[in-house]
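Residues per chain are reported as follows:
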Amino acid sequence: MYDLIIRNGTIVDGSGAPAFSGDVAVQGGKIAETGEVSGQAKRVIDAKGQVVAPGIVDIHTHYDHQVLWDPLLTSSLWHGVTTLVMGNCGFTIAPCKPEHRDYLMRMLARVEGMSLRAMQEGPPWEWVSMADYMRRVEQRLSVNVACQVGHSAVRYYVMGEEAIQRQATPEEVAEMKAVVLESLREGAVGFTTSLSRAHVDWEGNPVPSRFCDADELQELCGAVGEFGFGAIEIAPRGGLDLTDEDQEEILALATRTRRFITWNELSESPRSPKGRWKEMLEFMERAHAQGARIYGVCSCRPTTQDFDLKDNNLGLTADPAWLEVLPKPDAEKRRMMTDPAYRAQMRSTIGERWGEGPAPRWDTAIVSGPKRPEHQELKGLTLRQLGERQGKHPLDAMIDLSLAEDLRTEFTFLGTRNNDPDAIAEIIRSPYSILGVSDAGAHTNMIAGAEYSTQVLSQWVREKKVLSLEQAIHKMTWMPAKLMGFTDRGLLKPGMAADVIVFDPDTVGPMEKEKVSDLPGGEERIAIRAKGIAHTIVNGEPLTERGEHTGSYPGRLIRSTDYARAG
């Protein structure tokens with residue numbers, strides 16, 4: 001007798017092959033049989049009129065801290081995610097010495113928009129090594145989780161404060177490489193780093209990984225090649241595209257290590273040279289022709305960006321003029337922004353830049369969340385309109401409003417990238433793109449991110465028909481699983497892990513975002529539920545039914561040593 005049979009569904013098995021009608025039998029946490037299944041089961045799910053597919057595999061999340069207090073990993077479990085990978089962009093919370101905890105917390109608060117108060121008041125950081133951290137993570141999980149080891153964490157672990165002051169000595173590089181290798185042997189599934197100019201710490205300094213030279217980067221990524229299993233992820237200097245230097249460096253890394261490399265994020269941006277995204281696809285095509293497995297993780301939706309002048313402003317700090325003031329303590333920030341001479345300097349730098357280009361920021365940024373009752377009439381105005389109404393330069397109008405509201409006024413950039421649907425369509429169809437950039441667990445007061453999977457199924461499959469259902473499921477399941485080396489997941493084939501979703505193709509999609517106050521310390525974050533997903537099954541056990549948690553925690557920690565011999 002089987003544990004579970006899902007009957008009468010349309011099976012999309014993750015391989016990209018045509019869908020077929022049939023049943024899926026589950027036994028002992030594995031797929032036992034597909035097709036026309038005879039026999040009995042302890043439980044039967046009738047999937048008539050619904051799609052039965054592998055669970056979503058999300059390889060770009062930042063749940064490293066949230067997993068400690070939210071083992072359900074919301075919002076991901078609502079959107080059919082059954083396996084996720086944490087620790088991207090070089091930002092992990094292990095390894096970490098006790099005296100370095102405050103720095104890593106504050107760095108994550110700045111660079112990934114995680115609540116500092118939630119980290120300070122949440123579960124205590126009682127680990128040092130990656131092995132210690134993974135033992136804590138695996139205590140209770142709703143979905144399968146894999147950890148990566150981050151460059152900034154490793155560099156600070158070895159060098160302390162000097163990690164954000166200078167290049168490393170050969171001896172320090174050797175010690176860092178040893179830490180990376182140890183972390184891989186302990187179960188980490190990859191190494192991640194950031195060279196992005198936008199990534200700064202709490203004080204506005206470049207994050208530790210940005211102080212590396214080419215030799216350090218080659219050696220640490222080389223550790224993954226020597227281990228023989230694992231992925232490499234890079235946030236490049238160019239942010240939304242690869243500079244010539246990025247391309248040369250990533251190609252050299254892929255050639256040396258022979259490992260799968262992703263970069264984040266592949267997008268169309270009105271601020272990049274026209275057609276730049278096509279050049280990125282062409283670069284990856286050339287790389288693959290040389291045997292280099294380089295992929296861009298792409299966003300599947302137009303992007304808006306919320307910000308304020310208090311602490312939710314990572315996107316602004318890529319501009320040196322904003323970087324000079326925004327990381328400062330609030331009192332110093334107010335002093336600088338009320339100084340007439342400094343304000344004039346800001347108008348001559350930020351003021352001019354934000355008025356340039358095909359989409360001037362004064363016309364694409366709006367007042368989205370005024371706080372005081374007398375300011376509610378300003379909601380929805382562009383910053384240019386705000387300035388005109390008040391007879392001020394738009395910069396002065398924005399800063400004065402923010403100062404009047406304790407720097408908490410919410411603003412929103414509309415359409416910062418992926419405004420061209422034809423460009424997005426070509427990007428997501430590319431064999432060199434991985435659907436995602438959920439960033440789930442990061443920027444929690446701006447986005448949820450995990451909804452990308454149901455957004456692909458609703459918009460790009462059902463509405464726009466850019467991808468077939470089989471193509472979309474393949475690009476969100478077996479493709480990322482296989483590239484990561486998770487060869488037992490992502491397919492509905494006998495012997496594979498029974499990670500399964502059952503959904504209505506006519507109604508599946510993300511719901512409206514909502515604010516919930518469930519962070520440690522009671523602070524708010526953004527959450528987004530899904531509609532149309534009837535069942536999510538992880539390792540053969542029902543996890544959600546019609547969006548509600550069943551009470552089970554069937555997830556497990558995925559370790560590199562599940563797939564490769566540690567050595």
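Above this text you will find the structure in question.
Residues numbered from 1 in each chain as written. Predicted model: local features only at pLDDT ≥ 70, side-chain atom pairs only at ≥ 80, totals over all residues. Heavy atoms only, no water.

1. Here's the deal with the overall build of the protein chain
To keep things clear, this is the line we draw: Helix and strand labels come from DSSP, where a helix needs a run of H or I of at least four residues and a strand needs a run of E of at least two; each type is numbered from the N terminus. In this description the radius of gyration comes from C-alpha coordinates, and the expected globular size is given by 2.2 Å times residues to the power 0.38. Only protein chains enter the accessibility calculation, which uses a 1.4 Å probe; a residue whose area is less than 20% of its type maximum is buried, one above 50% is exposed, and one in between is partly exposed. Should any heavy atoms of two residues lie within 4.5 Å, those residues are considered in contact. Areas reported here follow the Shrake-Rupley algorithm with a probe of radius 1.4 Å; residue values treat only the protein chains shown as occluding. Positive residues here are Lys and Arg, negative ones are Asp and Glu, while His and the chain termini are left out of the count. Working definition for charges: the position is that of NZ of Lys, CZ of Arg, CG of Asp or CD of Glu.
The helix and strand inventory of the protein chain stands at 19 helices and 24 strands. For the protein chain, whose C-alpha radius of gyration is 24 Å, the value lies close to the compact-globule estimate of 24 Å for 567 residues. For the C-alpha atoms alone, the extent of the protein chain along its principal axes is close to 80 × 60 × 45 Å. Counting the 567 residues in the protein chain, one finds 62% classified as buried. The long-range share in the protein chain, meaning contacts at least 24 apart out of those at least 6 apart in sequence, stands at 73%. About 20900 Å² of surface is accessible on the protein chain, with carbon and sulfur atoms providing 47% of the total. Within the protein chain, the 81 negative side-chain charges are centred at a point lying 2 Å from the centre of the 64 positive side-chain charges.

2. Section: the sheet that holds strand β9 (residues 149-150)
Strand pairing in a sheet takes place through backbone hydrogen bonds and is either antiparallel or parallel in direction. Applicable threshold: Only strands that DSSP links by at least two bridges are regarded as paired with each other. In this analysis an axis means a line fitted to C-alpha atoms, helices contributing only their contacting stretch, and an angle means the value between N-to-C directions, from 0 to 180 degrees.
Spatial ordering of the open sheet is given by β9-β10-β11-β12-β13-β17, a layout of 6 strands whose pairing is parallel. Where the open sheet ends on each side, the last strands, each with one partner, are β9 and β17 (433-435). Inspection of the sheet shows strand β13 (residues 294-298) paired to β17 by 3 bridges, in the parallel sense. The residue bridging cysteine 298 from the neighbouring strand is leucine 435, located in β17. In this fold helix α8 (residues 244-257) packs onto β11 (231-235), β12 (261-266) and β13, with an angle of close to 155° to the strand it touches most, β12.

3. Digging into the layout of surface pockets
Quick reminder of the rule: A pocket, in this scheme, is an open set of points on a 1 Å grid over the protein atoms alone with protein on both sides within 12 Å along at least 5 of 7 lines, while a cavity is a set where a 1.4 Å probe fits but cannot get out; residues line either one if an atom lies within 4 Å of a point. Grid points are joined across faces, edges and corners, and a volume is the space filled by probe spheres set on the points. For this classification, the nonpolar set comprises Ala, Val, Leu, Ile, Met, Phe, Trp, Tyr, Cys and Pro, the charged set comprises Asp, Glu, Lys and Arg, and every other residue, Gly included, is treated as polar.
By volume, the second largest pocket amounts to about 920 Å³. If you go around the second largest pocket, you meet 36 residues; those closest to its centre are Asp308, Asp311, Asn312, Arg408 and Asn445. When residues of the lining of the second largest pocket are traced back to their parent elements, those giving at least two are α2 (101-111), α3 (116-121), β14 (303-307), α11 (330-338), β15 (365-369), β16 (410-417), β19 (509-516) and β20 (525-531). Per-class residue counts for the lining of the second largest pocket are 10 nonpolar, 8 polar and 18 charged.

4. Some thoughts on empty space enclosed by the protein
Under the defined criterion, the tally for this structure stands at 8 cavities of 30 Å³ or more. Its volume calculated, the largest cavity comes out at about 90 Å³. Elements that contribute at least two residues to the lining of the largest cavity include exactly α1 (66-69) and α3. Class assignment of the residues belonging to the lining of the largest cavity gives a composition of 5 nonpolar, 5 polar and no charged.

5. A look at the nonpolar core
Test applied: Nonpolar core, defined: a set of buried Ala, Val, Leu, Ile, Met, Phe, Trp, Tyr and Cys residues in which side-chain atoms within 4.5 Å join the residues together.
Residues Tyr133, Ile294 and Phe503 are the most contacted members of the largest nonpolar core, which totals 137 residues. With 7 residues, α2 is the largest single contributor of residues to this core. Beyond its immediate sequence surroundings of up to four residues, phenylalanine 503 is in contact with Gln50, Val51, Ala53, Leu457, Leu469, Ile473, Val508, Gly532, Ile533 and Ala534. One finds Leu326, Met336, Trp354 and Leu386 within the second-largest nonpolar core, a separate group that totals 28 residues.

6. Remarks on the packing of helix α6 (residues 170-186) against helix α7 (residues 214-227)
For the record, the criterion: Our angle categories are set so that under 35 degrees counts as roughly parallel, over 145 as roughly antiparallel, 65 to 115 as roughly perpendicular, and the remainder as oblique. Handedness of a helix crossing follows the sense of rotation of the near helix relative to the far helix, less than a right angle counterclockwise being left-handed and clockwise being right-handed.
Between α6 and α7, whose axes approach to 9 Å, the crossing angle comes to 30°. On the basis of their axis angle, the class for α6 and α7 is roughly parallel. Pair α6 / α7 crosses with right-handed handedness. Where α6 abuts α7, its residues Val173, Met176, Lys177, Val180, Leu181, Leu184 and Arg185 lie against Glu216, Glu219, Leu220, Ala223, Val224, Glu226 and Phe227.

7. Remarks on the side chain of serine 194
Convention followed: Counting of polar contacts relies on pairs of N or O atoms within 3.5 Å, with two restrictions inside protein: one atom must be capable of donating a hydrogen and the other of accepting it, and residues adjacent in sequence are counted only when both atoms are side-chain atoms.
Inspection of the secondary structure assignment puts serine 194 in strand β10 (residues 190-194). Classification of serine 194 by relative accessible area gives buried; the value is 0%. Among the polar contacts listed, one links the side chain of serine 194 to the backbone nitrogen of serine 196, at a separation of 3.2 Å. Setting aside its immediate chain neighbours within four residues, serine 194 contacts Cys89, Phe91, His199, Ser209, Arg210 and Ala235.

8. Points about the environment of lysine 513
Within the secondary structure, lysine 513 is located in strand β19. Considering only alpha carbons, one finds lysine 513 and aspartate 244, 269 residues apart in sequence, at a separation of 38 Å. Not counting the four nearest positions on each side in its chain, lysine 513 is found in contact with Asp306, Met446, Ile526, Ala527 and Ile528.

9. Focus: the packing of helix α14 (residues 383-390) against helix α15 (residues 394-404)
Close contact between α14 and α15 brings their axes to 8 Å; oriented N to C, the two are set at 90°. Overall, the two elements α14 and α15 adopt an arrangement that is roughly perpendicular. Each of Leu383, Arg384, Leu386, Gly387 and Gln390 in α14 lies in contact with α15, whose residues at this interface are Pro394, Ala397, Met398 and Leu401. In the contact of α14 with α15, the residues fall into 6 nonpolar, 2 polar and 1 charged.

10. Quick word on the environment of leucine 220
Within the fold, leucine 220 resides in helix α7. When the C-alpha positions of leucine 220 and histidine 151 are compared, they lie 8.2 Å apart, and in sequence the two are 69 residues distant. Beyond its immediate chain neighbours, meaning those up to four positions away, leucine 220 contacts His151, Val173, Met176, Lys177, Val180 and Phe191.

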